[in-house]
Structure formats: C-alpha cells, structure tokens
Amino acid sequence: MKTLDNMGLQQVQTVYSGAEGRLWELLMGQQIHIGGLSSSLDLAQKAGIKPGSSGVDFCCCTGAGMRFLVRFWGIAEMTGIDATETMVKLGKQRCIDEGLDDKIRFVLADVCNSGLPATSFDFVWGEDAWCYVENKPAMIAEAARIIRPGGTIAFTDWVEGPTPMTDAEAKRFLTFMKFPNLANVDDYKTLLTKNNCKVMTAENTGRYTSCIELYIQMVSQQLTYDALKILNFDQAIFEGLAGEMMFIGDLARQNKIIQGLFVAGKG
Ligand SMILES: C[S@@+](CC[C@H](N)C(=O)[O-])C[C@H]1O[C@@H](n2cnc3c(N)ncnc32)[C@H](O)[C@@H]1O
C-alpha cells in the first residue's frame, strides 16, 4: 500500500467543505465517482443487491448513491455515514427536495466508528471514497461488524493498478488527491478475508482512464469559466489543477491507477 504522512480526515473535510469539493461535483455531477450512474448500476447488479433490503453507504457525501439505490433499485432504507458536515447538510436537503427523506437518513461520523448497531444491515455500500480513509483495516472491520451474517460489502474505489507507481509519482498523486494512502486489489482482498468475508468479485472496471480523459476535456473545452469561478478566477490555481489532472491521466494510461470493484459476503 502506498502511503503519505501527515494526510488525514481533517484535510479531507477541508476539501469537501470548500472549493475543491465543488470542483469535483462540477466535473463528475452529484455522483462523485468514476462512471456515475452506470458504475452504480454495475455495482448493484454484480453485488446482487436485493430490492426491499437495507444498507449503509460508507462515505456517502451528499447521498447521491443512496438516492440511486432507493429510486432505481427498490432499496427500502439507506443510512449514509459521512464525516463532513457541509456534505451531510446538503445531502439532507437534496433528499427532502427529491421526496426521499423518509427512506434515507444521514449520520455525521467517521466510517471507522459509525456508532451503528452490529449485525443490523443487509449490505454496506461505497463508491470511490474509501481511498480517503486512513485506517482501512478499521473501516473494513466496521463494515463487516454492522452487516448481518450473509450480508454483502459492495464497493468501488480508486486503487493502485497492476503497474506500480514510483515513490515520487505516489507522493505527487496522494498529495494532490489528499489521500493518506492507496490500497491495491490484493490489500482489499486480504482485509475482507481477515474479517470473515468471502471475496466474490475483485476486478478492474476498466472505466478509469476514459473518465479522467472526459473530465480533462470538459474542464478545458466546456466548463472552464465555471471552474475558474469556483476558484475565484485564479488562473494560476486553475493551471496547477489542470496540470495535476493531466498527470493523473498519464498514470491511468500506464495502468498505475484503476477503479476497482469489490463484492464480498459475510460468512
Ligand atoms: C468522493 S466523496 C464520496 C462520493 C460518493 N460516494 C458518491 O459516489 O457520490 C468522498 C467523501 O468521503 C467522505 N469521507 C472521507 N473520509 C471519511 C471518513 N473517514 N469517514 C466518513 N466520511 C469520510 C468525505 O467527507 C466526502 O464526503
């Protein structure tokens, strides 16, 4: 696992309370993950998530993934855990606006210590956010603790690809993204297995590179004004961020970063 010192939850909360978080939403939409709705559909299908069941979204942000599950997948009840107050407030309002607040609730907490009761949910869900969590062993243990026996852990995440990054590349990437570390597919398989979960799927979705290229195109060819506005029209910051996105594009094309998809069942 590639790691970076001095990066943790506080830095992530700062991102999602401010301009950087708004920039990610500009590029990706309300579903701040690679592949948007198509990725959510793919995950729900591969995980065999059942209509009428209840789940917990770890790092739910404003809850777009939960709204997808309730609206399109017939999920009875979702609980979203997120540690950034701004996102939780916005998420609650969006659920009210869409008339889904009776089925979706939010808890402001660290996913490593959710405070939710043990063996109480059918599944834990996550989309491209666990890369922000420093203590991945504690997070996976918490996910396994709160699902019932036979329950499912289903998530996508940014993970290191089959070609390892150099130390310098990892430092630059983690610093820009505010990730404290980056797991690879085997790291997650090991953690899930250690928590009495059988890994059914651990695969590369193949979506990462084309989506990063799409975001670069959007910001350079269509949304430049909107991005600059979020950045108080600071051209230097804009150029810096665009350069880092190009760097991520280079890593992606070399298979150094991928979107992983994982499904595991609790024994
Ligand atoms: C990329 S966004 C999540 C996107 C969301 N899953 C979606 O698909 O729309 C990352 C979120 O993770 C949350 N987060 C990061 N570390 C966390 C932690 N340890 N506990 C709870 N939330 C965390 C941040 O507050 C932020 O809202």
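Preceding block: the structure.
Residues numbered from 1 in each chain as written. Predicted model: local features only at pLDDT ≥ 70, side-chain atom pairs only at ≥ 80, totals over all residues. Heavy atoms only, no water.

Considering the sheet that holds strand β2 (residues 54–58)
Pairing within the open sheet is mixed, and its 7 strands lie in the order β4-β3-β2-β5-β6-β9-β8. Strands at the two margins of the open sheet, each flanked by one partner only, are β4 (104–108) and β8 (197–204). The mean angle between the axes of side-by-side strands here comes to 15°, regardless of whether they run parallel or antiparallel. The pairing of strand β5 (residues 121–127) with strand β6 (residues 147–160) spans 6 bridges and is parallel. (Pairing = 2+ DSSP bridges. Helix = DSSP H or I, 4+ residues; strand = E, 2+ residues; numbered from the N terminus. Axes fitted to C-alpha atoms, helices over the stretch in contact; angles between N-to-C directions.)

As for empty space enclosed by the protein
The tally for this structure, following the rule as stated, stands at 1 cavity of 30 Å³ or more. In this structure, the largest cavity encloses a volume near 170 Å³. Leu23, Leu27, Phe176, Leu241 and Met245 are the residues nearest the centre of the largest cavity, which is lined by 14 residues in total. Within the residue set of the lining of the largest cavity, elements represented by two or more residues are α2 (19–28), α9 (208–221) and α11 (235–253). Residues that form the lining of the largest cavity fall into these classes: 13 nonpolar, no polar and 1 charged. (1 Å grid on protein atoms, 1.4 Å probe; cavity = no way out; pocket = protein on both sides within 12 Å on 5 of 7 lines; lining within 4 Å. Points joined across faces, edges and corners; volume = space filled by probe spheres on them. Nonpolar A, V, L, I, M, F, W, Y, C, P; charged D, E, K, R; others polar.)

What about the pairing of strand β3 (residues 77–82)?
Burial within β3 is extensive, with 5 of its 6 residues counted as buried. Relative to β3, β2 runs parallel, the two being bridged by 5 bridges. Bridged to Gly55 within β3 is Met78. Crossover handedness for the path β2 to helix α4 (residues 64–73) to β3: right-handed. (Buried < 20%, exposed > 50% of the residue type's maximum accessible area, 1.4 Å probe, protein only. Right-handed = clockwise from strand over helix to strand, strands pointing away.)

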